[in-house]
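Chain residues, written in single-letter form:
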Amino acid sequence: MHLLLVILLFLEAQLCVQSSDSNSPSGENLSTNGLPFPWSKVRLPNYIVPVHYHLLIHPNLTSLRFNGSVKIEIDVKNNTNWVVLHSKNLRIFTATVLDEHEAHLSDKVLSVLEYPAHEQIAIFSPKILTSGEKYFLYLEFGAPLSDGFYGFYKSTYKTKEGETRFLASTHFEPTSARMALPCFDEPIFKANYTVRIRRDPSHIALSNMPLEQTVEIGNGLFEDQFEVSVKMSSYLLAFIVCDFRSVSGMTATGINISIYAVPEKWHQTRYALEAALRLLEFYEQYFNILYPLPKLDLIAVPDFQAGAMENWGLTTYRETSLLYDPDISSASDKLWVTMVIGHELAHQWFGNLVTMEWWNDLWLNEGFARYMEFVSLEAVYPELKVEDHFLDTCFGAIGRDSLNSSRPISSLAENPTQIEEMFDTVSYDKGACILHMLRNFLTNEGFQSGIIRYLRRFSYSNARNEDLWDSLIKTCSEEEFTAGEYCYSSTQATKNAYHFAGEHIDLKEMMYTWTLQKGIPLITVKWKERKLYIGQERFLKIVLPDDPSWHSLQEGYLWHIPLSYKTSHSDYEKKHILTTKSDVLTLDEEVDWVKLNSDMNGYYIIHYDEEGWNALTELLRVNHTALSFKDRASLIHNAFQLVTAGRLSLNRALDLIGYLKSETHNVPLLQGLGYLQSFYKLIEKRNIADITHNLKTYILQYFRDVIDKQSWSDDGMVSDRRLREEVLSLACDLDYPPCLEKAKKLYNSWVESNGTISLPTDVSETVYMVGAQDDSGWAYLLEKYGLSMCETEKSKFLSALASSKDSEKLSRLLQLGMDGTLIKTQNLPSLIYLVARNPVGHFLAWDFVTKHWDELVEKFPLGSFGIREIIVGTVTQFSSTEELREVEDFFKSITEQVSQLRVIQVATENVEKNIMWLSRNLESMRTWLQQRLD
């Protein structure tokens, strides 16, 4: 009877539903009860807009379930009988539509149609919802607390006494608010939220806004009622019920900042408080817009898949991204914590105040937040030398962008899996690098004033890619424009032109070439007397110009490139915009050398002709300080990238880094050493004994002075400490006897003290790795792993445990990671990667992934960072055609699951790249090493 009534009401309703194709019932879209679902698109209809959510949520930390109710004030734009919104894995108990006086529109129970494929529900109102009228949608719902890391999920931690305690936390970005409450779960649907949370007296509740009042409601329960939120997107809503402790402070403008952590880790919160206070004050001044909420909480959640999440007023973090113990954490750990806090606080403006309209422009959130990490730390914590780290960010982006599997910064993303994959190197790192290029182009002042205009123009609203470019340049008079001001002309004739170096540039057109097409440009430079003949093409690592497919992969690619260059006769950089495939630059005078892309401020690769490379190699040999450390590092990077692409001989690149004996700056040193180490690892896995032995001998001989002068301490500047950490780790990994002896001695002293003495923090991981190579050392570290109350220390233990050369121990580790008790599930992707990196473990890790694939996908959704780290981390260790075939065959066997995953193509291209590198360079490496060692 009930089903018949629903069918009759449904048919009657079709007369009142919007008459558009996208909103007509489709026979293919059947809801779970077999009835046609009234909406066929993945994106919600826009004729109903949420205005205000009144949410009551009650998590039960004993039964590990939650119940809730939500009353959503809605604005109806077009007459309709249907309300379509998101819901995933929720059981809807009651659904009602109320009028503006909160009276029921119908005395009948309203049916809820569910369409799980699109994670949508539809509620039918027998009475037409009229455009312009105010209505409320009221729903009651419940579900188990999620097992994973999305929606409203359960987390646990162990006390020192071994007691397991539970908490409930949210993570909604990008599409998981719908797992905690029925809602309009798209960034465009901004609304206000009033949140009430029920809890027992032993817990506290947190949400985006400050607590307004707490009332006792009986049965030993309390209800915390929070202030009304600002207007925000659903993915920024957050609430947590836990028993944590906090430390608090106040900014100069009266914002209360609190850091929350597990009670026994409370002493590790002090540094985060200091950093958050200083960074929030910096952003308020830099953006010239006050942080709009009265408080900001930062909380370390024991189970957390991402690094952190920017929920407005309640930012959530992995413990390793927020907690800092000066007795255990290294200089690198401190830098990481500070950068993550800088990132999430930048989001309070970029992402929260101004939100991208849709996930295709995610980079407007993430690229900006990544870039502002560097801008803020350079200003607030200059001693951390964050600029050293920025080059690595851009080098990482280039690595991804030089494969054909890359994507444009602004890319199509419709379903949740595609949206998840947007949280990648391209959105974050390439986004940051093109913003750096733009800032260098516009000047610091021009860039800053432009983003302030953008933030003010779109506050509490949504923006698209083009809105940023429109906001970046102010409008000015024709006189100001002609005089070379950084502005758009107000006259129609030159409306979008920007005055730069005597040229009129259309900024929007220029930046579209960087955001709407994938890839990175390769600038070719031929130098003849006073002429520079410059060309641009797309840089591809695994396709050469003599490959038949090369031309088709180049078609249509053209960038507007802000070039900069220095010469032997100019200590300042000169600039030029390249908007064509080729151009000729005339130098003021004849010069001894030319270096393009000054300080790596531009996002492109440079390939010089033979004369150009010879001149720069000689310059580094004779007087390397004539170039900045950034120029030296980028030269090394460019050379070895070109080797990988088959455009430059390995001998030339190895000759270029011959000067490194004289190098004192950590960034170029680590760049050169990093390439040698990566070649060693690649060749070692192929069991090519002579080259492996000779390359190890060469590195230890050539860099012996650098290794020997490293102290086993925490002395020096951050850059010195970073160099020490990397160099000693490499030396011990290459079995350098003095390194092994010192590490073993420190390890034994530490064990004899039962872990009570403090090891130098920068070398502790290396010490643990050496200690883990025998049975007793490995067992002791595993025991310490289980007892440690510091996550950064545990991550060092885990890295050491995964360095064992005993395959049985590695298998045991992987099983412990899958079990999720001793080694938390959140650490499983990085554990698999650590094992795969180990020459003994790289087949072991791959076999583990293929055997447990279905279980892994249950723990980490397709498209998520966890799955991507697992795939890339295991597959890109391979370097033979047999391994490539095995990888391709496995992914073909699960095509239905992974057909949409871009990361599969990324991974297989990386294997192809390794195969090509070995086939092109193995003999050259063998000969070059023999000549040097003889």
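All values derive from a computational prediction rather than experimental measurement. (Residues numbered from 1 in each chain as written. Predicted model: local features only at pLDDT ≥ 70, side-chain atom pairs only at ≥ 80, totals over all residues. Heavy atoms only, no water.)

A. Region of interest: the overall build of the chain. If you tally the helices and strands in the chain, you get 31 helices and 32 strands. Relative to its length of 934 residues, the chain is compact, with a C-alpha radius of gyration of 29 Å against a globular reference of 30 Å. Its C-alpha atoms put the chain at 95 × 80 × 60 Å along the principal axes. Relative to its full complement of 934 residues, the chain shows a buried share of 61%. Across the chain, every contact between residues at least 6 apart in sequence was considered, and the portion connecting residues at least 24 apart equals 70%. Looking at the chain as shown, the accessible area adds up to about 35100 Å², and 49% of this sits on carbon and sulfur atoms. (Helix = DSSP H or I, 4+ residues; strand = E, 2+ residues; numbered from the N terminus. Rg over C-alpha atoms; globule rule 2.2 N^0.38 Å. Buried < 20%, exposed > 50% of the residue type's maximum accessible area, 1.4 Å probe, protein only. Contact = heavy atoms within 4.5 Å. Areas by Shrake-Rupley, 256 points an atom, 1.4 Å probe, with all protein chains shown as cover.)

B. Region of interest: the packing of helix α25 (residues 828–837) against helix α28 (residues 865–875). Interaxial distance between α25 and α28 falls to 8 Å at its minimum, and their mutual angle equals 5 degrees. Compared by their axis directions, α25 and α28 come out roughly parallel. Contacts between α25 and α28 involve P829, S830, I832, Y833 and A836 on the former and, on the latter, G866, E869, I870, G873 and T874. A class-by-class count of the residues in the contact of α25 with α28 yields five nonpolar, four polar and one charged. (Axes fitted to C-alpha atoms, helices over the stretch in contact; angles between N-to-C directions. Parallel < 35°, antiparallel > 145°, perpendicular 65-115°, else oblique. Nonpolar A, V, L, I, M, F, W, Y, C, P; charged D, E, K, R; others polar.)

C. Just the state of the cysteines, in detail. The final tally for this structure, using the stated rule, is two disulfides. With a sulfur-sulfur separation of 2.1 Å, C394 is cross-linked through a disulfide to C433. Linking C394 and C433, the disulfide has an S-S dihedral of approximately -110 degrees and is accordingly described as left-handed. Taken together, the residues C394 in helix α5 (residues 386–401) and C433 in helix α7 (residues 425–442) connect sequence positions 39 residues apart. Linked covalently through their sulfurs, C732 and C739 form a disulfide whose S-S length is 2.1 Å. Its torsion about the S-S bond being -100 degrees, the disulfide of C732 and C739 is classed as left-handed. For C739, a relative accessible area of 3% puts it in the buried group. C242 forms no disulfide, and the closest cysteine sulfur to it belongs to C790, at a distance of 20 Å. You can call C242 buried: its relative accessible area is 0%. You can call C790 buried: its relative accessible area is 3%. (Disulfide = S-S within 2.5 Å.)

D. Representation of helix α22 (residues 775–787). With 13 residues, α22 should cover 18 Å at 1.5 Å per step; its first-to-last C-alpha distance of 19 Å lies within 8% of that length. Those residues of α22 that fall on the buried side of the exposure criterion are G777, W778, Y780, L781, L782, K784 and Y785. For α22, the secondary structure elements touched by its buried residues are α20 (737–752), α21 (764–771), α23 (791–801) and α24 (807–819). (Expected span 1.5 Å × (residues − 1).)

E. Broad picture of the sheet that holds strand β32 (residues 605–608). An order of β30-β27-β26-β32 is seen for the four strands of this open sheet, with the pairing classed as mixed. The open sheet has two edge strands, β30 (582–586) and β32, and neither has a second partner. Here the strands of the sheet are splayed against their neighbours by 25 degrees on average, with no regard to which way each runs. Bridge count for strand β27 (residues 531–538) against β30 is five bridges, and the pairing is antiparallel. Paired with K531 across the two strands is T586, which belongs to β30. Here helix α13 (residues 610–623) sits on the sheet in contact with β26 (521–528) and β32, set at roughly 105 degrees to β32. (Pairing = 2+ DSSP bridges.)

F. Highlighting the pairing of strand β19 (residues 314–318). Of all five residues in β19, five are buried; the element is thus mostly enclosed. Residues L314, T316 and R318 of β19 are buried on one face, and the alternating residues T315 and Y317, pointing to the opposite face, are buried as well. Where strand β17 (residues 295–301) and β19 come together, five bridges link them in parallel fashion. Pairing of V301 across the sheet is with R318, part of β19. Inspection of the sheet shows strand β18 (residues 308–309) paired to β19 by two bridges, in the antiparallel sense. Looking at the pairing, A308 lines up with Y317 of β19. In textbook terms, the turn of a hairpin is the stretch between consecutive antiparallel strands, and for β18 and β19 this stretch comprises four residues, one of which, G313, has a positive phi near 85 degrees.

G. Highlighting α20. Taking 1.5 Å as the rise per residue, α20 with 16 residues should run 22 Å; its terminal C-alpha atoms sit 22 Å apart, in good agreement. All of the buried residues along α20 are C739, A743, L746, Y747 and W750. End-on view of α20: buried residues confined to an arc of 100 degrees, all on one side of the axis. Away from the buried face of α20 by more than 90 degrees, exposed residues E741, K745 and E752 are located. As for α20, its buried residues are in contact with α19 (718–733), α21, α22 and α23. Residue N754 follows α20 closely and has a positive phi angle near 55 degrees. (Arc of directions from axis to C-beta.)

H. Layout of the packing of helix α4 (residues 363–380) against helix α9 (residues 465–472). At a closest axis distance of 10 Å, the pairing of α4 and α9 adopts a crossing angle of 55 degrees. With respect to each other, α4 and α9 are oriented oblique. The residues of α9 that touch α4, namely those facing W363, L364 and F368, are N465, L468 and W469. Taken together, the residues of the contact of α4 with α9 sort by class into five nonpolar, one polar and no charged.

I. Up close: the pairing of strand β12 (residues 211–218). By the bridge criterion, six bridges tie β12 to strand β13 (residues 221–226) in an arrangement that is antiparallel. Within β13, the residue paired with E216 across the bridge is F222. Remark: two residues form the turn of the hairpin made by β12 and β13, two consecutive strands paired antiparallel; N219 in that turn has positive phi of roughly 55 degrees.

J. Region of the structure containing unusual backbone geometry. A cis amide bond links E173 to the next residue, P174, at an omega of 0 degrees. Looking at where P174 falls in the secondary structure, it is placed in the loop between β9 (164–171) and β10 (192–199). Non-glycine residue E102 carries a positive phi angle of around 65 degrees. You can see E102 is positioned in the loop between β4 (91–98) and β5 (112–115). Here the phi dihedral of Y460 falls at roughly 60 degrees; this positive angle occurs in a residue that is not glycine. Residue placement: Y460 occurs in the loop between α8 (444–457) and β21 (461–463).

K. Main features of the pattern of salt bridges. In total, this model carries 48 salt bridges according to the counting rule given. The closest approach of N and O atoms between K88 and E119, which form a salt bridge, is 3.5 Å. Placement of the pair is K88 in the loop between β3 (80–86) and β4 and E119 in the loop between β5 and β6 (120–129), with a sequence separation of 31 residues. A salt bridge links D708 to R704; the shortest N-O distance between them is 3.6 Å. Here D708 pairs with R704, and both are found in helix α18 (residues 704–708), just four residues apart, close to one helical turn. Accessibility expressed as a relative area gives 43% for D708, which makes it partly exposed. Three or more residues are tied together by salt bridges with common partners; here these are K88, E119, R178 and D185. (Salt bridge = Lys/Arg side-chain N within 4 Å of Asp/Glu carboxyl O.)

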